[in-house]
Amino acid sequence: MKRFFLCAAMVLSVALAGCDKELTDRVDEIESRVDKIEVDLKAAVDAIKDATENGYYIRSYEELSDGSGYTFTFTNGKTVTILNGKKGDTGSQGDKGDKGDSFFSDITITETEVTFKLSDGREFRLMLEAAFSLNIKTDGQKIVNGSTVELPYTVTNATSKTVVDYMVSGSYLAEIVPASVSEGVVKVTAPQENSFAKLLVFADNGMGRTSIKTICFTNDETFSSEADVAMPVEGGQFEHPITYNVACSVSFSESWIHLVETKSVTTTFVFKVDENTGLEARTAKVLVKAGDVTVQTLTVVQEAPHGIRNYDELIEFQKVSNSKEPDCTRFMDKDGVVRLLADIDCSGSGAVNEWIPICNADIARTAANLGCMEGWSGIFDGQNHSIKNLKINDEKSNSTCGFFGAIYKGTVRNLVFDSSCAIDIVETGKAGGTLYGTLAALINGGTIENVIYKGTVNLKHSTSAGFMSFGGIVAAAGCTEMNTVIKNCRFEGTMSGESRTNNNTSTSPRMGGIVGYSVRVAAGQPYAAKGDFNVSIIGCEVSGTLNLKGLRDGGIVGQTAGGNIVDGCKFTGRLINNCENNNTGTNIYAVARVGGIAGYVEPVESAHPDEFKNCEVNGTVVDLMQGAVGGLVGFTKVASFSDCTVNAKVASKYYGDKNPKDPTKSIAYNAGVVVGNIQTKAAKFTSVKAKGEFAKDYDTDLVSPVVLTDANAADYLIGKYATDTDISGITFWK
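Notes on the structure follow. (Residues numbered from 1 in each chain as written. Predicted model: local features only at pLDDT ≥ 70, side-chain atom pairs only at ≥ 80, totals over all residues. Heavy atoms only, no water.)

**Some thoughts on the overall build of the protein chain**
No. 1: Helices and strands together make up the secondary structure of the protein chain, namely three helices and 64 strands.
No. 2: Residue burial in the protein chain is summarised as follows: out of 734 residues, 49% are buried.
No. 3: Sequence-distant contacts, at least 24 apart, represent 75% of the contacts inside the protein chain between residues at least 6 apart.
No. 4: Total accessible area on the protein chain stands at roughly 32500 Å², and carbon and sulfur atoms take up 47% of it. (Helix = DSSP H or I, 4+ residues; strand = E, 2+ residues; numbered from the N terminus. Buried < 20%, exposed > 50% of the residue type's maximum accessible area, 1.4 Å probe, protein only. Contact = heavy atoms within 4.5 Å. Areas by Shrake-Rupley, 256 points an atom, 1.4 Å probe, with all protein chains shown as cover.)

Here it is, written out as structure tokens:
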């Protein structure tokens, strides 16, 4: 409560002496000020009386900034300011003035009203506008067929102008029985038959302010009821009509369901359910109460997310994908995506001795026949979950292997194979093709994105013939009917790859930290590109160790054969090639091609050369046999290299030595910190900077390396290059 007293208006007693004009003017000024104060005070009193007589309220009040009084605003729009009085000043003659005589002696402000008390004893009491309201007491009363209930009501700050009335729907009857201007009862009579009705009771203060209460009735014999509501995994809103005979409240057993507030008067509650991000279906209870009585219970059941939760469901998905008429829709969410909902531990179901790839593509392949028109064409999102303890120990014949078999116009993304995964495969067939990749054997159109492999890979191709490709992520990539993108993938594990097919032919083994073999298939060949499509390897990185025995070995990609864009890739690991040379005759030296980004670059169509740009090498590249080796690329024909940086350790064991199989022949100097062999002058190098070390031998590190300097860089940046090749774009990086 706020309470203050107003001091009397100032009355000055002035003794006039003589006819001093200055004193006369001062008296006139004081009399004028007193007259104005009296006028203002009378106007304030008149405004308060008018509001009282006509039932106006005080809409607002505000204390003056200097604390000298208050400004009041009435609902009729009038505003008055009442100042605190204070003692008068001491006159120039006579005694100090006492309190003046004021119209107001006291003002009291409460939460609901303001009381003005005048000096003559009269009081005026005005209600604050916000205090006007209608309240109806229900207390969970029930109503049965043909009966009548009485609901007491009160109106806060009612006046003689206040009117209480009602509107009722259906066959119910209602009556307002007032006991006074501020209280009474609402009588409601139910019909004989079961029915539902809505009663609106409103109080009007006669000055534009109305308070409304809504009550709904049912005289069904079952007062408390239950209902079930099914919700999808993504959640959302649902409406549910609640039949009740009094105003109700709602409570929830779980925090993932909410009441949506609405300002409209309604008998339909709107609820919002959050998305189910867990693994299982879930249930919540919604209790609708009238007072302490539960009048309705809703059981909300939200379905479990669609996807793969554990190893058993992964095997089920795998089997469905390889059925005669595969239908994977039951694993898909509303967006058509198959998602991993948790890390998948493959150890719980026993050892896996023969993993059958998802969307298997177990067909013989040649260098030109890279794709089948079957494969994963949907979206598989690992949601950055991990595959754990996947152990593949297998001997296969003329087969493909990977977590997926073939990806055809599909997408696989956000998947991690952790360090507990181990793949150990020996291919024992006599001929044909072998494609082994950790994620997939083949992609032909589509996207692989953000896939990481951290485990071990041991692959052995034990036959003496047949096309073979190993990849730390995917074995082979093509682009028959659309672009293929391999983006932001990483190989952080250890790969050991060995092939007995070590002839320098079209079936030479390809091995790469990300992709084994990537090609735009030439016109006239099976699965040739049907448009201007490319394979793009973007932002990929290899930081693991590659111990390989192949002829086309690359830190990122073993071999590119046209139509490839390798952009922003990084090799920071170790690549060690120790491939035995099985060639004889004229093709007995410089067989292997080993490079930190790519081992062998040779487009099958000159119109679609490969592009390498923004790549970085900060690792070790070693050839322990007779091969072309370079920190950036081992062997290249028509291609372009731009804006690349190389800080590599490069070793070539037989650099410049005699061929051990034919001592009459020398092994060419096919080794360089940047490139081992530039076969044609059509290869273009722009803004390629390099530094590093070069050696003829390697143990656990380079043996007796030569550190590149200004003086010797020209001898070690490039091993061999064709006549008239422009190598000015390769410079020593100081």
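**Section: the sheet that holds strand β2 (residues 58-63)**
No. 1: Across the sheet, three strands lie side by side as β2-β3-β4; this open sheet has antiparallel pairing. With partners counted over all chains shown, the strands left at the sheet margins are β2 and β4 (79-83), one partner each. Here the average twist between neighbouring strands, direction ignored, is 20 degrees. (Pairing = 2+ DSSP bridges. Axes fitted to C-alpha atoms, helices over the stretch in contact; angles between N-to-C directions.)

**Comments concerning the pairing of strand β3 (residues 69-74)**
No. 1: Sheet topology note: the β2/β3 ladder contains five bridges and is antiparallel. For Tyr61, the partnering residue across the bridge sits in β3 and is Phe72.
No. 2: Relative to β4, β3 is paired through five bridges, and the arrangement is antiparallel. Bridge pairing in β4 links Tyr70 to Ile82.
No. 3: With antiparallel pairing between neighbouring strands as the criterion, β3 and β4 make up a hairpin whose turn holds four residues, including Gly77 at a positive phi of roughly 95 degrees.

**Concerning the packing of aromatic side chains**
No. 1: In total, this model carries 16 aromatic pairs according to the counting rule given.
No. 2: Their ring planes at 85 degrees and their centres at 5.9 Å tell us that Phe252 and Phe271 sit as a pair that is edge-to-face. With Phe252 in strand β17 (residues 249-252) and Phe271 in strand β19 (residues 268-273), the pair connects residues that are 19 residues apart, well separated along the chain.
No. 3: Since its relative accessible area comes to 0%, Phe271 is described here as buried.
No. 4: What links up through ring pairs into an aromatic cluster is the set Phe317, Phe331, Trp376, Phe380, Phe403, Phe404, Phe417, Tyr453 and Phe491.
No. 5: Over the ring of Tyr517 we find Arg510, and its NZ or CZ is 4.6 Å from the ring centre.
No. 6: Taking NZ or CZ as reference, Arg593 lies 5.2 Å from the ring centre of Tyr600, over its face. (Phe/Tyr/Trp six-rings, centres within 6.5 Å; stacked < 30°, edge-to-face > 60°. Lys NZ or Arg CZ within 6 Å of the ring centre and 35° of its normal.)

**Description of the pattern of salt bridges**
No. 1: Throughout the structure, instances matching the rule amount to 14 salt bridges.
No. 2: One salt bridge in this structure joins Lys334 and Asp335, with 3.4 Å as the shortest N-O distance. You'll find Lys334 and Asp335 in the same group, each marked exposed.
No. 3: For Arg490, the salt bridge is made with Glu492, and the minimal N-O distance between the two is 2.8 Å.
No. 4: Owing to a relative accessible area of 31%, Glu492 belongs among the partly exposed residues under this scheme. (Salt bridge = Lys/Arg side-chain N within 4 Å of Asp/Glu carboxyl O.)

**Quick word on the nonpolar core**
Soluble globular proteins tend to pack their nonpolar side chains together in the buried interior.
No. 1: Membership of the largest hydrophobic core comes to 102 residues, with the highest contact counts inside it found for Phe380, Ile387, Phe403, Phe404, Phe417, Leu439 and Ile514.
No. 2: The greatest single-element share of this core, amounting to six residues, is contributed by strand β54 (residues 639-652).
No. 3: Counting 22 residues, the second largest nonpolar core, distinct from the first, contains Phe132, Tyr153, Val186 and Val201. (Core = buried A, V, L, I, M, F, W, Y, C linked by side-chain atoms within 4.5 Å.)

**Description of empty space enclosed by the protein**
In this approach the atoms are scanned with a rolling probe the size of a water molecule, which exposes any empty space left behind.
No. 1: On inspection of all chains with the given rule, the structure shows one cavity of 30 Å³ or more.
No. 2: Its volume calculated, the largest cavity comes out at about 50 Å³.
No. 3: Lining the largest cavity, in full, are Ile392, Cys401, Gly402, Phe403, Ile423, Ile425, Tyr436, Gly437, Thr438, Val457 and Leu459.
No. 4: Elements that contribute at least two residues to the lining of the largest cavity include exactly β28 (422-427), β29 (433-437) and β31 (456-461).
No. 5: Here the residues of the lining of the largest cavity are counted per class, giving eight nonpolar, three polar and no charged. (1 Å grid on protein atoms, 1.4 Å probe; cavity = no way out; pocket = protein on both sides within 12 Å on 5 of 7 lines; lining within 4 Å. Points joined across faces, edges and corners; volume = space filled by probe spheres on them. Nonpolar A, V, L, I, M, F, W, Y, C, P; charged D, E, K, R; others polar.)

**A short note on the pairing of strand β36 (residues 494-499)**
No. 1: Only one face of β36 is buried, namely the one carrying Met495, Gly497 and Ser499, since none of Thr494, Ser496 and Glu498 on the opposite face is buried.
No. 2: As paired strands, β31 and β36 are joined by six bridges and run parallel to one another. Opposite Asn458, over in β36, you have Ser496 as the bridge partner.
No. 3: By the bridge criterion, five bridges tie β36 to strand β41 (residues 545-549) in an arrangement that is parallel. Within β41, the residue paired with Gly497 across the bridge is Leu548.

**Considerations on the environment of Ser377**
No. 1: Tracing the chain through its elements places Ser377 in the loop between β23 (344-345) and β24 (379-388).
No. 2: Along the backbone, Ser377 and Gly410 are 33 residues apart, and their C-alpha atoms lie at a distance of 3.7 Å.
No. 3: Once residues lying within four places of it in the same chain are set aside, the contact partners of Ser377 are Tyr408, Lys409 and Gly410.

**Some points on the state of the cysteines**
No. 1: The final tally for this structure, using the stated rule, is zero disulfides.
No. 2: Just so you know, Cys489 is unpaired, no disulfide at all, and the nearest cysteine sulfur is the one on Cys540, 4.7 Å from it.
No. 3: Take Cys615: it sits in no disulfide, and the sulfur closest to it among the cysteines is that of Cys644, at 4.7 Å.
No. 4: Residue class for Cys615 comes out buried when judged on its relative accessible area of 2%. (Disulfide = S-S within 2.5 Å.)

**Regarding unusual backbone geometry**
No. 1: Phi at Gln383 takes a positive value of approximately 55 degrees, unusual for a residue other than glycine.
No. 2: Within the secondary structure, Gln383 sits in strand β24.
No. 3: A relative accessible area of 34% places Gln383 in the partly exposed class.
No. 4: In this model, Ser704 sits at a positive phi of 50 degrees, which is unusual for a non-glycine residue.

**Digging into helix α2 (residues 311-321)**
No. 1: Buried residues dominate α2, accounting for eight of its eleven residues.
No. 2: Among the residues of α2, Tyr311, Glu313, Leu314, Ile315, Phe317, Gln318, Val320 and Ser321 are the ones counted as buried.
No. 3: Its buried side turned inward, α2 meets β22 (337-339), β23 and β24.
No. 4: The residue sitting at the N-terminus of α2 and contributing the capping side-chain oxygen is Asn310; that oxygen lies 3.2 Å from the backbone nitrogen of Asp312. (Polar contact = N/O pair within 3.5 Å; in protein donor to acceptor, adjacent residues only side chain to side chain.)

**Details of the sheet that holds strand β12 (residues 183-189)**
No. 1: Pairing is antiparallel across the open sheet formed by four strands, whose spatial order is β8-β9-β12-β11. Of all strands in the sheet, those bounded by a partner on one side alone are β8 (133-136) and β11 (173-178). Strand-to-strand twist in this sheet, taken as the mean axis angle between neighbours without regard to direction, amounts to 25 degrees.

**A short note on the side chain of Thr411**
No. 1: By secondary structure assignment, the location of Thr411 is in strand β27 (residues 404-417).
No. 2: What Thr411 contacts, discounting residues up to four positions off in sequence, is Trp376, Gly378, Ile379, Phe380 and Thr447.

**A few points about the environment of Pro509**
No. 1: Note on placement: Pro509 falls in the loop between β36 and β37 (510-512).
No. 2: Along the sequence, Pro509 and Gly497 sit twelve residues apart, while their C-alpha atoms lie 9.7 Å from each other.

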